[in-house]
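Summary of structural features
Given next are the chains, with one letter for each unit.
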Amino acid sequence: MAQPRVVTIHYTLTNDQGEELDSSRVEGREPLSYLEGAQNIIGGLESALNEKNAGDQLKVSVAPADGYGEVNEELIQPVPRSAFEGVDTIEPGMQFQAQTPGGPQIVRVVEVSDDTVTIDANHPLAGQTLHFDVEVVEAREASEEEQAHGHVH
């Protein structure tokens, strides 16, 4: 098996409508570095970047199954407004951290009525095909410490 690498990329992420969702190319942002095989980035993008080297440029479309998954309707639920005790204003788009049996979970408010708040625990990009325009800035061998810790230092 090849030695794991640290890969550093500049990227621009767009959706099917061509809207820019994220980019490392904006002023003040650094390129993204990840450790191959450590699940630091979505699988579909990492697979496309395997064996790419500094200077390589590519466009990658990642289907939901290889990105943030399909929308799971079970993760969209109405909850009593009383669950938001101490919060004066609740509006669609707001995010909260909920305590679940599996640990903390970020939820997004999608609808508000007098008595209930509908929340969505899906990743905001679930169900979307993601389009990446990527430039590999650097690819180097990962250190033993990076491999042991599972992330870039």
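Residues numbered from 1 in each chain as written. Predicted model: local features only at pLDDT ≥ 70, side-chain atom pairs only at ≥ 80, totals over all residues. Heavy atoms only, no water.

The next subject is unusual backbone geometry. Residue Gln-39 is not a glycine yet carries a positive backbone phi of 60 degrees. Mapped onto the elements of the fold, Gln-39 is located in the loop between β3 (32-35) and α1 (43-49). Although it is not a glycine, Glu-51 adopts a positive phi angle of roughly 65 degrees. (Helix = DSSP H or I, 4+ residues; strand = E, 2+ residues; numbered from the N terminus.)

This part covers the pattern of salt bridges. With the rule as written, the count across this model stands at five salt bridges. The partner of Arg-29 in a salt bridge is Asp-22, and the shortest N-O contact between them spans 2.8 Å. Overall, the relative accessible area of 37% leaves Arg-29 in the partly exposed class. Among the ionic pairs, Asp-120 bridges to Arg-108, the shortest N-O distance being 3.4 Å. Residue Asp-120 is located in strand β8 (residues 116-120), and its partner Arg-108 is located in strand β7 (residues 103-112); the two are separated by 12 residues in the primary sequence. In this structure, Asp-120 and Arg-108 share a single accessibility class: buried. (Salt bridge = Lys/Arg side-chain N within 4 Å of Asp/Glu carboxyl O. Buried < 20%, exposed > 50% of the residue type's maximum accessible area, 1.4 Å probe, protein only.)

Here the focus is the side chain of Glu-46. Tracing the chain through its elements places Glu-46 in helix α1. Nearest to the buried, unbridged Glu-46 among oppositely charged side chains is Arg-5, at 8.5 Å. In this view, Glu-46 contacts Tyr-34, Leu-35, Glu-36, Gly-37, Ala-38, Gln-39 and Ile-41; residues no more than four positions away in its chain are not counted. (Lys, Arg positive; Asp, Glu negative; His and termini not counted. Contact = heavy atoms within 4.5 Å.)

Let us look at the sheet that holds strand β6 (residues 95-100). Strands pair in a sheet through their backbones, by hydrogen bonds, and they do so in one of two ways: parallel or antiparallel. Strand order in this open sheet of four strands is β5-β8-β7-β6, and the pairing throughout is antiparallel. The two strands at the open ends of the sheet, each matched to only one other strand, are β5 (76-80) and β6. Sheet twist, expressed as the mean angle between neighbouring strand axes with direction ignored, is 45 degrees. Pairing between β5 and β8: five bridges, direction antiparallel. Looking across to β8, one finds that Pro-78 is bridged to Thr-118. (Pairing = 2+ DSSP bridges. Axes fitted to C-alpha atoms, helices over the stretch in contact; angles between N-to-C directions.)

Turning next to the side chain of Asp-120. Under the relative-accessibility criterion, Asp-120 is labelled buried at 8%. At 2.8 Å, the side chain of Asp-120 and the backbone nitrogen of Asn-122 are in polar contact. Once you skip the residues sitting within four places of it in the chain, Asp-120 turns out to touch Leu-75, Ile-76, Ile-106, Val-107, Arg-108 and Val-110. (Polar contact = N/O pair within 3.5 Å; in protein donor to acceptor, adjacent residues only side chain to side chain.)

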